[in-house]
There are 4 protein chains.
Amino acid sequence: MSAPARLLIACPDATGIVASVTGFLAERGANVFDLEQHSDPQRNEFTMRVEFEPGDRRSFEADFERLASERAFQHRLSFEPQTKRIAVLTGPSSHCLADLLWRCTTDDIDANIVGVISNHDDHRAFVEHHDIPYHHVPVASEDRAVHEAGLMRTLDALRPDLVVLARYMRVLSPAFVECWAGRMINIHHSFLPAFVGSDPYRQAHERGVKVIGATSHFVTAALDEGPIIAQAVQDVSHHDTVNELKRKGRDLERVVLAHAVRKWIEEKILIRGNRTIVFR
Amino acid sequence: MSAPARLLIACPDATGIVASVTGFLAERGANVFDLEQHSDPQRNEFTMRVEFEPGDRRSFEADFERLASERAFQHRLSFEPQTKRIAVLTGPSSHCLADLLWRCTTDDIDANIVGVISNHDDHRAFVEHHDIPYHHVPVASEDRAVHEAGLMRTLDALRPDLVVLARYMRVLSPAFVECWAGRMINIHHSFLPAFVGSDPYRQAHERGVKVIGATSHFVTAALDEGPIIAQAVQDVSHHDTVNELKRKGRDLERVVLAHAVRKWIEEKILIRGNRTIVFR
Amino acid sequence: MSAPARLLIACPDATGIVASVTGFLAERGANVFDLEQHSDPQRNEFTMRVEFEPGDRRSFEADFERLASERAFQHRLSFEPQTKRIAVLTGPSSHCLADLLWRCTTDDIDANIVGVISNHDDHRAFVEHHDIPYHHVPVASEDRAVHEAGLMRTLDALRPDLVVLARYMRVLSPAFVECWAGRMINIHHSFLPAFVGSDPYRQAHERGVKVIGATSHFVTAALDEGPIIAQAVQDVSHHDTVNELKRKGRDLERVVLAHAVRKWIEEKILIRGNRTIVFR
Amino acid sequence: MSAPARLLIACPDATGIVASVTGFLAERGANVFDLEQHSDPQRNEFTMRVEFEPGDRRSFEADFERLASERAFQHRLSFEPQTKRIAVLTGPSSHCLADLLWRCTTDDIDANIVGVISNHDDHRAFVEHHDIPYHHVPVASEDRAVHEAGLMRTLDALRPDLVVLARYMRVLSPAFVECWAGRMINIHHSFLPAFVGSDPYRQAHERGVKVIGATSHFVTAALDEGPIIAQAVQDVSHHDTVNELKRKGRDLERVVLAHAVRKWIEEKILIRGNRTIVFR
């Protein structure tokens, strides 16, 4: 079975929006089989996601654009969802990379990894074993702009729908990040907003916390401050050294990152300001 | 602000149901602010819950009954939700009782406990301190029917919307239970279906499990086999004696029971066969 | 059965410490039935907790002091543990207070609440129903020193072993806090170090986090920066308003606070710098 | 740094056991840096695990055997722990296999996978890419004994310390299982004792549970009834189809299995009857 059509809408709240959209679908014989709608009264914000089986497809998309324009929807209509293309940027750690490779080459996440990019050459054999191209973009120059130009060329050639930073350890410039707004997901190894920046497990160890966490979020110009998609935590104790926190954290990171990637692939995320709406 | 109107619908899946209901609401100027709909393709089962602010109230309910009858909905429409009445049946343990009393006398759960019934007299002072009537219905006879007749009279006089078994330790007859179908919730101190019946913490200890759990469920004629509403678990270890399992379990039980009661009070549960649909 | 004797030791690591202590106990026919020892190689720090049934009690304590002084132990020996006395300071919220009252008046936590102190008079009837004195210490003056002097007099009269801040909403002065170093536990309604200070649920809502948390910690002069004892979290979503975060948080707070209080009462916590060793 | 020496002891409880063992160690200048001891009064059972840096190694092991024999210890002394050898038996599902391969070829679990055995040939390329031998032992005959003889020959040749059933889907005979008592770990895809046997996710779906789980346990002659090592659960809802339960379950299974394998490798498990003591 192919994936059902999907529709995401955000707009100011008003009476009759659900009726207008579902009426539009019913007129075309489309069967809605999952709908999730919520209005946030404080923000006067209407958000909705619909999954449906299109019936009469003639001029469906053009007609919907007309409705959307009348009603001032911000929307995304995936009439015939295609398998998404993912580019993975990675650093020396392999756990998130290995996990995503396993998920996308089995039926766990319905997406294609079209390339893996790293400033290290360590993971080449493992990635190529999965018949996925590996691009080594070394940091040859002190000049970040030069390096980022190389990255950008490589990414552009891969034409990804989504860029995943799988423990990529370099900070990207605001200009670079801006090009992938809403399409670049990072995993940070703490429960944000605690322990922003480098070496969060060491920070956590020093503070003596009793839980550690991981956070997946959209990348924005402000480091570790983009809209949060998913978070999870794990109990720790005074026994745990920094290395043990890192080990426990790996199991969190890969699951939290995979969760965010799956939600994005299934088009279940809306970004509103610095927050996300994540449909179930 | 008064509670919004609520509508729950279950019926065989078909095209256009959401549109017909939300169209009905839009015609009356009703503003939908939360809608959750799902079709289960395996069971051909459509389920939906809508929260809305009724606009034009004239003949709203009668008109909706007509639509519902045309479309063969099983439904519940709470046009002007009233604060629900809860009767609590309890045994010697006080943790679930004390928790429900605290929740319903603060703003944590929006319901009134209209009476507490027990075959023990232990909790009278505590309950009456909350200005809630306490009914001691002792087990005076060997004959269960006699005892249950006394219980039933007491319950009938309280006119509860919901009966909560808060660690009530006696098995009720199928005939008794039948009278409260869909309106009687129990807390069982294991993660069902493991450890049905008596002394589940001892059973868990003997089996050497590494997690214990609690399950809230609707009461049906078959002991501990009714539709499950909520479950949660807690890690345990070889250190834990049966008494320590009981202590840890108490914290689970009261939270899992309160969760189920809240969902019922907010009319977020549909029973389908032996399963529940619990809206978010 | 009375509580077993307990011994906590912290000192620089060295060879033979466990042997010297357990040899001391064996010579007196004491039966060790729970021992937990760990050396932190990074900090060269030896920590140990022993539970034992004292055998020959003659000059036990004096002899142990001699051993401790030879070995330069920092230690606590509870030879015949007495039921501990707790004073609770509370603000307008009742959930932690009600929870502690229930726990300490049943067998859930083995301690006596000897008094409840508040700058509000709201909880008097509920507390006094448990036969526990309620002390209303109003904030009559702008001068914090005056108010704290009143608090201190009230506390001194209660002679508590432990002071629990159960959602007490006022910041105490460093001088006040210093008097109760290691004997005053607070519950903060976030997963520290995130969201220090006031209204953490609002901060969490604004940041758009997907988990909220609660942290119990020893109170020190630096606000919300004392040694952490326990933390727990709960999933939340974009649906949750600030009020719903508060409601969900209440269930976390009372469990996390009770966990810390129980560990303290059972003498299972050592403070080392700004971290805690919490024995299992 | 090489792994520290490890000592596990189980015996009937008596006064002076800790002292005798730690005294033995102190006499030889051994530095104990982690000790965990517990007596179970109901079972009169003493259990202890010690990690230490041996000092004077001369006749250490022979002397200890003498002490152990005097005191009637059941014990295991790993004086110079060697990297353990693991054989993995797997079926068509790859998630646990891929996970273990990743863990044992990075520093996540300190063990060598010396061979992977399957009655399918699907995973050969992936396994061999890790330079690990892959043994295809097809089910060529209706006769289980014939197949098991082939398995046993293959296993014997690999000389594993531990056999891991990573979603191996065939039931092994009691005689086969007996050969690997205490050295064969399985992952079952439910929170045992619920949903024993085949297709537990389908059973869970039919029962309408709100949590699913996974259990790692030692394999014994009675199917899914061996001593439990670790368990974990995950929330599910009415939305989840059987396939979605399977997908969510995969993330549980691999973590729960890896946890058990790590504990075994680190010699932190004692089996007592049908329960396990799992040291922290």
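Note that this is a predicted model, so its numbers are computed, not measured.

### Topic: the interface of chain B and chain A
On the chain A side, the residues contacting the 21 residues of chain B number 21 residues. Buried area between chain B and chain A, summed over both chains or domains, comes out near 1500 Å², and the portion from carbon and sulfur atoms is 46%. The partner of R280(A) in a salt bridge is E36(B), with the nearest N and O atoms 2.9 Å apart. Taken together, chain B and chain A are joined by 15 residue pairs in polar contact (both at pLDDT 80 or more). Contributions of two or more residues to the side of chain B that touches chain A are made by α1 (17-27) and β2 (31-40) of chain B. The leading source of residues in the side of chain B that touches chain A is β2(B), at nine residues. Residues belonging to the side of chain B that touches chain A are distributed by class as follows: eight nonpolar, nine polar and four charged. As defined by bridge partners, strand β2 (residues 31-40) of chain A adjoins β2(B) across five bridges and the pair is classed as antiparallel. When the bridges of β2(B) are listed, H38(A) appears paired with D34(B).

### Topic: helix α2 (residues 60-71) of chain D
Residue and element names in this part refer to chain D. In this model, α2 (twelve residues) spans 17 Å end to end at C-alpha, consistent with the 16 Å of a helix rising 1.5 Å per residue. Turning to α2, its buried residues number three or more, namely F60, D63, F64, L67 and A68. All buried residues of α2 project into a common sector of 140 degrees when viewed along the axis, lining one side. Away from its buried face by more than 90 degrees, α2 exposes R66, S69 and E70. The secondary structure elements touched by the buried residues of α2 are β1 (5-12), α1 (17-27), β3 (45-53) and β4 (74-78). Looking one or two residues past α2, A72 carries a phi angle of roughly 60 degrees, positive in sign.

### Focus: the relation of the copies chain A and chain C
For these two chains of identical sequence, chain A goes onto chain C by a turn of 180 degrees and a shift of 0.0 Å along the axis, with RMSD 0.0 Å. The two molecules are tied by a two-fold rotation axis, judged by turn and shift. Considering only C-alpha atoms, the residue of chain A closest to the rotation axis is A194(A), which sits at 2.3 Å. Same-surface contact between copies: 100% of interface residues of chain A are shared with the interface of chain C.

### Details of the packing of aromatic side chains
Overall, the coordinates contain 26 aromatic pairs over all chains when judged by the stated rule. Their ring planes at 70 degrees and their centres at 6.3 Å tell us that F191(B) and F195(B) sit as a pair that is edge-to-face. For F195(B), a relative accessible area of 9% translates into the label buried. With a centroid separation of 4.6 Å and an interplanar angle of 45 degrees, the aromatic rings of F60(D) and F79(D) are classed as tilted.

### Some thoughts on the interface of chain A and chain C
A common way to state how big an interface is: give the accessible area lost once the parts meet. At the junction of the two partners, chain A supplies 31 residues and chain C supplies 31 residues. Between chain A and chain C, a total of about 2800 Å² is buried, with carbon and sulfur atoms accounting for 57% of that surface. Among the residues chain A hides against chain C, the three largest losses belong to R207(A), K210(A) and H238(A). Together they make up 25% of the total. Seen at the junction of chain A and chain C, the total is 16 residue pairs in polar contact (both at pLDDT 80 or more). Elements supplying a minimum of two residues to the side of chain A that touches chain C: β2, α7 (200-207), β11 (228-235) and β13 (275-278) of chain A. Among the elements that make up the side of chain A that touches chain C, the one with the highest residue count is β11(A) (five residues). For the side of chain A that touches chain C, the per-class residue count stands at 13 nonpolar, ten polar and eight charged.

### As for the domain arrangement of chain A
All names here are of chain A. Along its sequence, chain A is organised into domain 1 (5-78) and domain 2 (84-278). On the domain 2 side, the residues contacting the 13 residues of domain 1 number ten residues. Each partner contributes to the roughly 990 Å² buried at the junction of domain 1 and domain 2, and carbon and sulfur atoms together form 41% of this total. Taken together, domain 1 and domain 2 are joined by four salt bridges. In this structure, E267 and R76 form a salt bridge, with 3.7 Å as the shortest nitrogen-oxygen distance. Counting across the interface, domain 1 meets domain 2 through seven residue pairs in polar contact (both at pLDDT 80 or more). Partitioned by chemical class, the residues of the side of domain 1 that touches domain 2 number three nonpolar, three polar and seven charged.

Definitions and cut-offs
Residues numbered from 1 in each chain as written. Chains lettered and ligands numbered in written order. Predicted model: local features only at pLDDT ≥ 70, side-chain atom pairs only at ≥ 80, totals over all residues. Heavy atoms only, no water. Contact = heavy atoms within 4.5 Å. Buried area = accessible area lost by both parts, 1.4 Å probe. Salt bridge = Lys/Arg side-chain N within 4 Å of Asp/Glu carboxyl O. Polar contact = N/O pair within 3.5 Å; in protein donor to acceptor, adjacent residues only side chain to side chain. Helix = DSSP H or I, 4+ residues; strand = E, 2+ residues; numbered from the N terminus. Nonpolar A, V, L, I, M, F, W, Y, C, P; charged D, E, K, R; others polar. Pairing = 2+ DSSP bridges. Expected span 1.5 Å × (residues − 1). Buried < 20%, exposed > 50% of the residue type's maximum accessible area, 1.4 Å probe, protein only. Arc of directions from axis to C-beta. Least-squares fit on C-alpha atoms with pLDDT ≥ 70 in both. Phe/Tyr/Trp six-rings, centres within 6.5 Å; stacked < 30°, edge-to-face > 60°. Domains from an automatic or database assignment.

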